[in-house]
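# Structure assessment
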Amino acid sequence: MEKKVYSRTNGLLPGAVSGFCPGCMHGTVHKLIGEAAEELGQLDHLVRVEGVGCCGLGQFYVSHDETIAAHGRACAVATGIKRSSPESLIYTYQGDGDLAAIGLAETMSAANRGENFTVIFVNNGIYGMTGGQMAPTTLLGMKSTTSPGGRVAEEHGYPMHMCEILDTLTAPVYLERTSCDTPQHVIATRNAIKKAFKYQLEGKGFSMVEIVTSCPTNWGMNTLDSLDFLRDKMFAEYPLGLIRDNG
Amino acid sequence: MAERVFMKGTEAIAEAAVRAGCRFFAGYPITPQNEIPEYMSRRLPEVGGQFVQGESEVASVNMLFGAASTGIRAMSSSSSTGISLYSEGVSFSASARVPIVYVNVGRGGPGIGAIQPAQQDYNQATKASGNGGFRMIVLAPSSVQECVDMVYEAFDLAAKYENPVLVLTDGVVGTMMEPVILPEMKTDEELASLRKKFEHRAIIGHPVGKQAVCRAGLMGSGQENVNIKAAAMYDDWDCEIRVEEYMMDDAELVIASYGISARICKAVINKLRKEGIKIGMIRPERISPFPYDTFAKLDPKKIKGLLDVEMSIPAQMIWDVKHVLNKDIPVRECLRSGGQLMTNNQVENAVRDLIKEVL
Amino acid sequence: MERNLMIAGFGGQGVMTMGKLLAQATCDSTDLNVTFFPSYGAAMRGGTANCYVVISDESIGAPSSTSVDDLIVMNEPSLDAFLGNLKENGVLFINSTIVKKKIDRKDVNLVEVPVTEMALDMGDPRVLNVIMLGAYIGYTDVVPTEVVLEGLHHKFKNKPDAIKLNDEAFQKGYEIGINAKKDR
């Protein structure tokens with residue numbers, strides 16, 4: 001007798017195959033979002049507000065309602081949607097440039113208002129789609145196409161820690177930093193997304209799950225080396241774990 | 001008949017929006033339109049609507065985009081330099097065909113300009129309110145009553161074409177008070193049925209297989225198809241032209257004007273007509289789509305001169321007029337800007353100068 | 001027939017309230033067209049304030065003008081700034097308690113109303129604008145007295161003491177206005 005132990009989430013389009021670069025973790029995160037919403041029985045109410053950049057490629061994979069916000073404006077667009085359709089389960093899907101550079105005002109202000117939606121923040125320390133430019137989260141010494149000699153604090157400032165920055169605000173209900181480099185971390189990420197969604201359904205307000213990931217293409221590494229870099233360097237700068245849980 | 005009430009332009013705009021079914025407003029403070037968000041922050045909660053004070057104009061217009069993408073009637077307002085920051089969200093709404101309504105209570109420009117009234121944003125409103133060459137219907141009220149009527153109508157136009165609609169007014173009409181008759185309040189049932197029409201594409205969450213998407217850009221050949229479809233819609237907008245031809249039947253002189261300036265011109269025409277001067281006015285009530293044919297048909301055998309009256313230096317609407325006007329009709333300008341207000345006397349003097357020159 | 005009025009003074013002298021009251025009352029109690037147009041400086045308090053009221057039985061053009069039929073000035077800076085905007089044969093109403101300057105125009109009709117002093121005598125400095133409004137109506141008769149009184153009664157509904165005080169203030173001004181017209 002066969003026993004079904006795994007099925008693909010209906011949160012992804014049937015048959016869609018990830019076109020993300022090898023070693024990129026966006027595909028995994030997309031799957032986890034679908035699974036979390038599905039486990040909560042909320043797939044029919046799920047709304048995705050997509051950032052610009054590699055995040056925007058998600059439009060080819062997700063099966064639920066989605067809109068693409070202007071670069072950096074996902075939290076503003078999500079504010080408009082949630083206020084007008086409070087029964088929808090809304091998440092923004094944003095990268096580091098989108099959320100922490102061009103969209104910093106929108107991110108901070110939505111978090112400060114305690115808007116009742118969830119931010120999925122994928123932090124790989126670099127601009128992906130535009131070709132590896134320096135992001136607010138680029139590590140010191142890390143080379144990018146706009147910091148060819150490596151990021152220098154005196155010139156470029158220091159990496160920004162968005163979870164910790166939002167933790168200075170009173171309103172956010174839940175902030176957690178995870179990754180997807182091991183099965184344990186993948187499960188932790190799914191649980192974090194699910195918890196954030198659950199809090200939203202309970203009307204508890206703003207939550208963010210920051211997922212620290214790799215970008216082998218723009219880091220100029222093979223996929224295995226990028227995992228080492230992720231664990232050695234990125235986790236050192238961006239330690240994984242719970243930042244705040246006021247649920 | 002409904003009772004007339006004495007209202008300020010900005011507050012009349014806000015109340016008309018609520019009566020038209022607006023249930024979401026986002027905006028950022030800027031003079032001279034602050035009464036609109038202030039009024040909305042009091043009024044919307046009374047009707048179950050939502051008011052958000054955005055952290056910037058950029059955030060506000062993107063909140064508007066989000067709200068309208070759910071099918072709710074949504075509006076924002078700002079002024080000139082703030083409207084420049086709206087271009088991102090307006091362009092997105094035009095591309096994704098999201099029915100937003102926004103109001104520009106114009107002030108002097110360019111730059112931060114003057115906080116006093118002007119009509120300095122004509123080109124921005126009619127030619128390029130954002131990147132990408134999209135077009136919008138732009139309504140230009142000249143009185144508080146027209147503010148009310150046009151804002152009410154703007155929501156229907158936005159819904160009909162699933163396209164942004166701009167109401168372009170100025171700090172005079174916005175801050176002055178006048179008697180107005182307010183339109184009927186749309187009922188919750190009417191609003192629910194209007195929202196239903198948009199539901200198939202509303203970004204609210206649909207069962208798997210019925211996914212709604214709202215994209216202000218497509219990869220591959222998709223974008224060209226979107227643009228071709230939009231262009232076909234713009235081509236069909238002749239039916240949306242609204243133009244007032246005032247005392248034009250026997251006119252030898254014609255004024256071209258819109259908004260606050262046109263209302264001043266009308267008073268001057270009334271005065272000059274009593275002296276037997278044959279003068280009329282062509283006033284686009286909507287400056288986009290522009291009534292080119294009305295100007296094109298002017299016959300130089302009959303019309304001896306045209307005076308373009310705008311609170312803008314340099315003149316802006318004049319280029320739309322000249323684009324089609326018979327070259328034998330001389331065109332002169334009567335202009336103010338930078339927050340200096342047009343007066344009856346100034347228009348009257350400009351007409352008398354034109355008479356000396358051409359009659 | 002169109003008549004336009006400019007009112008100018010310090011912030012706090014009830015300049016805007018006076019204009020708005022006249023315009024609101026005209027809207028509520030007549031079929032006339034009317035506009036009220038305020039003009040503020042950028043500062044929130046202090047400084048000068050001015051406004052325009054246009055009343056007409058035809059459609060109204062500009063709600064403001066650099067050539068007005070009537071000018072009310074509540075302080076000297078306003079006199080300096082706006083006397084030139086008064087038409088020939090126009091009517092100039094001054095708060096003669098504090099406007100002491102000689103009026104250097106012979107082609108206008110002057111109505112002197114010591115409103116600051118009168119209001120203090122009445123025990124409430126705030127009614128100075130209603131006294132001036134009374135003088136304006138008494139002289140110009142631009143709308144019937146009842147129109148303004150109805151407006152005042154509506155503004156102070158549920159405050160009988162205020163109605164009594166303002167009626168009295170209006171009446172005192174009105175007499176000055178109507179007498180000034182007789183003497184003309």
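For the structure given in this document, a descriptive report is provided here. These numbers were taken from a predicted model, which means no experiment stands behind them.

Here is what the cut-offs are and how they apply
- Residues numbered from 1 in each chain as written.
- Chains lettered and ligands numbered in written order.
- Predicted model: local features only at pLDDT ≥ 70, side-chain atom pairs only at ≥ 80, totals over all residues.
- Heavy atoms only, no water.
- 1 Å grid on protein atoms, 1.4 Å probe; cavity = no way out; pocket = protein on both sides within 12 Å on 5 of 7 lines; lining within 4 Å.
- Points joined across faces, edges and corners; volume = space filled by probe spheres on them.
- Helix = DSSP H or I, 4+ residues; strand = E, 2+ residues; numbered from the N terminus.
- Nonpolar A, V, L, I, M, F, W, Y, C, P; charged D, E, K, R; others polar.
- Domains from an automatic or database assignment.
- Core = buried A, V, L, I, M, F, W, Y, C linked by side-chain atoms within 4.5 Å.
- Buried < 20%, exposed > 50% of the residue type's maximum accessible area, 1.4 Å probe, protein only.
- Contact = heavy atoms within 4.5 Å.
- Buried area = accessible area lost by both parts, 1.4 Å probe.
- Salt bridge = Lys/Arg side-chain N within 4 Å of Asp/Glu carboxyl O.
- Polar contact = N/O pair within 3.5 Å; in protein donor to acceptor, adjacent residues only side chain to side chain.
- Phe/Tyr/Trp six-rings, centres within 6.5 Å; stacked < 30°, edge-to-face > 60°.
- Lys NZ or Arg CZ within 6 Å of the ring centre and 35° of its normal.

### Focus: empty space enclosed by the protein
- Under the criterion given, the structure shown has two cavities of 30 Å³ or more.
- Computed from the structure, the largest cavity encloses a volume of approximately 60 Å³.
- Along the walls of the largest cavity sit B:Ala118, B:Gln119, B:Pro141, B:Leu168, B:Thr169, B:Asp170, B:Tyr258, B:Gly259 and B:Ile260, which together make up its complete lining.
- The set of elements that each furnish at least two residues to the lining of the largest cavity consists of strand E7 (165-170) and helix H10 (259-274) of chain B.
- The element that contributes the greatest number of residues to the lining of the largest cavity is E7(B), accounting for three residues.
- Classifying every residue of the lining of the largest cavity by side-chain character gives five nonpolar, three polar and one charged.
- Among the domains, domain 1 (4-199 + 227-239) and domain 2 (244-358) of chain B are the pair contributing at least three residues each to the lining of the largest cavity.
- Taken as a whole, the second largest cavity spans an internal volume of roughly 30 Å³.
- Around the second largest cavity, the lining residues are B:Val172, B:Ile260, B:Ile264, B:Leu341, B:Met342, C:Ala62, C:Pro63 and C:Ser64.

### Let's talk about the nonpolar core
- Formed by 158 residues in total, the largest nonpolar core has its most connected members in A:Met208, B:Met75, B:Ile255, B:Leu298, B:Leu306 and B:Val347.
- It is helix H6 (residues 144-161) of chain B that contributes the most residues to this core, 11 residues altogether.
- When residues of this core are assigned to domains, at least three fall in each of domain 1 (4-199 + 227-239) and domain 2 (244-358) of chain B.
- If you look at the next biggest cluster of nonpolar residues, it comprises 49 residues, including C:Val115, C:Leu128, C:Ile131 and C:Leu133.

### Re the environment of C:Asn109
All names here are of chain C.
- You can see Asn109 is positioned in strand E6 (residues 109-113).
- The buried category is assigned to Asn109, whose relative accessible area is 18%.
- With 16 residues separating them in the primary sequence, Asn109 and Phe93 have C-alpha atoms 8.5 Å apart.
- Leaving out residues up to four positions away in the same chain, Asn109 has contacts with Asn89, Gly90, Val91, Leu92, Tyr139 and Arg184.

### Comments concerning the interface of chain B and chain C
- With 22 residues of chain B in contact, the opposing surface of chain C contributes 24 residues.
- Counting the surface lost from both chain B and chain C, the interface buries some 1700 Å², and carbon and sulfur atoms represent 56% of this.
- When the area that chain B buries against chain C is broken down by residue, the three leading residues are B:Arg4, B:Phe6 and B:Met177, summing to 34%.
- Across the contact surface, chain B and chain C share one salt bridge.
- Two residues, C:Glu58 and B:Lys274, come together in a salt bridge whose shortest N-O distance is 3.1 Å.
- Along the contact surface separating chain B from chain C lie eight residue pairs in polar contact (both at pLDDT 80 or more).
- At the level of secondary structure, the elements contributing two or more residues to the side of chain B that touches chain C comprise strand E1 (4-8), helix H7 (171-175), strand E8 (177-181), H10 and helix H13 (344-358) of chain B.
- Here the side of chain B that touches chain C gets six residues from one element, more than from any other, and that element is H10(B).

### Here's the deal with the packing of aromatic side chains
- Per the stated rule, a full pass over the model turns up 17 aromatic pairs over all chains.
- Here the aromatic residues A:Phe20, A:Phe60 and A:Tyr61 are joined through ring pairs into a cluster of three or more.
- Cation over ring: A:Arg48 sits above A:Tyr93, and NZ or CZ is 4.4 Å from the ring centre.
- One Lys or Arg, B:Lys266, reaches over the ring of B:Tyr246 and ends 4.8 Å from the middle of that ring.

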